[in-house]
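Listed here are the chains, written in short residue letters.
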Amino acid sequence: MSSFDSHDSVALVTGAGRKNGIGKGIVDALLAAGARKVYVGVRNRAASASIYPQQDGRVQLVELDVTEGGRAEAVAGELGDVNLLVHNAGLFTGASALGDDADQRREFEVNVFGPLALTRAFAPVLKRNGGGAIVLLNSVASHFSFPLGASYSASKAALHSFTQALRRELAAQGTHVLGVYPGPIDTDMAEKIDMPKTSATEVGRRIVAALRDGEEDLLPDDTGAQMYAGFRADPKAFERGLAAGA
Ligand SMILES: NC(=O)c1ccc[n+]([C@@H]2O[C@H](COP(=O)([O-])OP(=O)(O)OC[C@H]3O[C@@H](n4cnc5c(N)ncnc54)[C@H](OP(=O)(O)O)[C@@H]3O)[C@@H](O)[C@H]2O)c1
């Protein structure tokens, strides 16, 4: 069984420019675990600079929009020491299945094609650096269609399928692949969700621990874990419950 020790690692965490985001929680957990360097992916360096004020010499902000064509190869060329790639950037528009086509496409660009392009570009880097690991922020909604975001759920279902495929395809080069399936986490994305939420800080810690323990699938919070257990117990009843607003 493969695993990944974050001590002395060199990580790239995408979409980590918000002060209460899961990305920041992951960056902090990696630094606490003794990471050698963390490249913090942000869309706007000036807007996010104040979020990492300590100027920890191990933190380096990198401008990275995961949907920007060609940027993945350029960044992989610049950051040749990365051995941990964390796909955290994500978009939730709330688009329904019959909703806005442009919103649906943007969600798939950020949540699916962005991580795929970046993984394609970084796979040889990880290989050169001993295999390393990839973390993909899926969602418990990868497993069922969450009414508040049908298009978001579909994009995360696609990412879940690619997570399994990447684990298979990257096994030969020794890259560990961890899929993370959160329920509601206390960030901007979930601000309209009225359910018990776990902090991004706690999610970051659990991701680092899951990497160390060699886990492949992580349900990082209690609410999400309960939802997943309900789904597994009776998928059809769970689907009907969601449709009825339970
Ligand atoms: N919060 C939850 O309840 C929850 C549950 C399940 C899964 N997740 C997943 O966990 C991850 C982090 O979510 P979060 O709650 O921390 O969300 P968040 O607070 O909304 O932060 C999302 C981050 O993604 C960045 N981003 C969006 N589009 C991007 C792009 N094209 N290129 C690069 N970065 C981009 C945003 O950058 P800007 O700051 O520049 O907008 C932001 O920093 C996401 O993948 C999300 O789907 C979250």
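That block above? That's the structure.
Residues numbered from 1 in each chain as written. Predicted model: local features only at pLDDT ≥ 70, side-chain atom pairs only at ≥ 80, totals over all residues. Heavy atoms only, no water.

Engineer: What's the story with the site of the ligand in this structure? I'm lost.
Structural biologist: Close to the ligand lie 27 residues, the nearest being Arg18, Ile22, Arg43, Tyr152 and Thr187. A distance of 2.8 Å separates an oxygen atom of the ligand from a polar atom in the backbone of isoleucine 22. At 2.7 Å, a side-chain N or O of arginine 43 approaches an oxygen atom of the ligand. Out of a free accessible area of 900 Å², the ligand has 91% covered by protein chains. A molecule is said to occupy a pocket when more than half its atoms come within 2 Å of that pocket's grid points, and by this definition the ligand occupies the largest pocket. Its residues assigned to classes, the shell around the ligand comprises 12 nonpolar, 10 polar and 5 charged. (Near = heavy atom within 4 Å. Polar contact = N/O pair within 3.5 Å; in protein donor to acceptor, adjacent residues only side chain to side chain. Areas by Shrake-Rupley, 256 points an atom, 1.4 Å probe, with all protein chains shown as cover. 1 Å grid on protein atoms, 1.4 Å probe; cavity = no way out; pocket = protein on both sides within 12 Å on 5 of 7 lines; lining within 4 Å. Sits in = over half its atoms within 2 Å of the grid points. Nonpolar A, V, L, I, M, F, W, Y, C, P; charged D, E, K, R; others polar.)

Engineer: Sorry if this is basic, but what is going on with the sheet that holds strand β2 (residues 37–42) here?
Structural biologist: The strands that make up a sheet pair up through hydrogen bonds in the backbone, lying either parallel or antiparallel. Within the open sheet, the 7 strands sit side by side as β3-β2-β1-β4-β5-β6-β7. Their pairing is parallel. Both edges of this open sheet fall to β3 (59–63) and β7 (217–218), since each of them pairs with a single strand only. Along the sheet, helix α1 (residues 22–32) makes contact with β1 (10–13), β2, β3, β4 (84–87) and β5 (133–137), crossing β1 at roughly 170 degrees. (Pairing = 2+ DSSP bridges. Helix = DSSP H or I, 4+ residues; strand = E, 2+ residues; numbered from the N terminus. Contact = heavy atoms within 4.5 Å. Axes fitted to C-alpha atoms, helices over the stretch in contact; angles between N-to-C directions.)

Geometric values such as these leave the question of function open.
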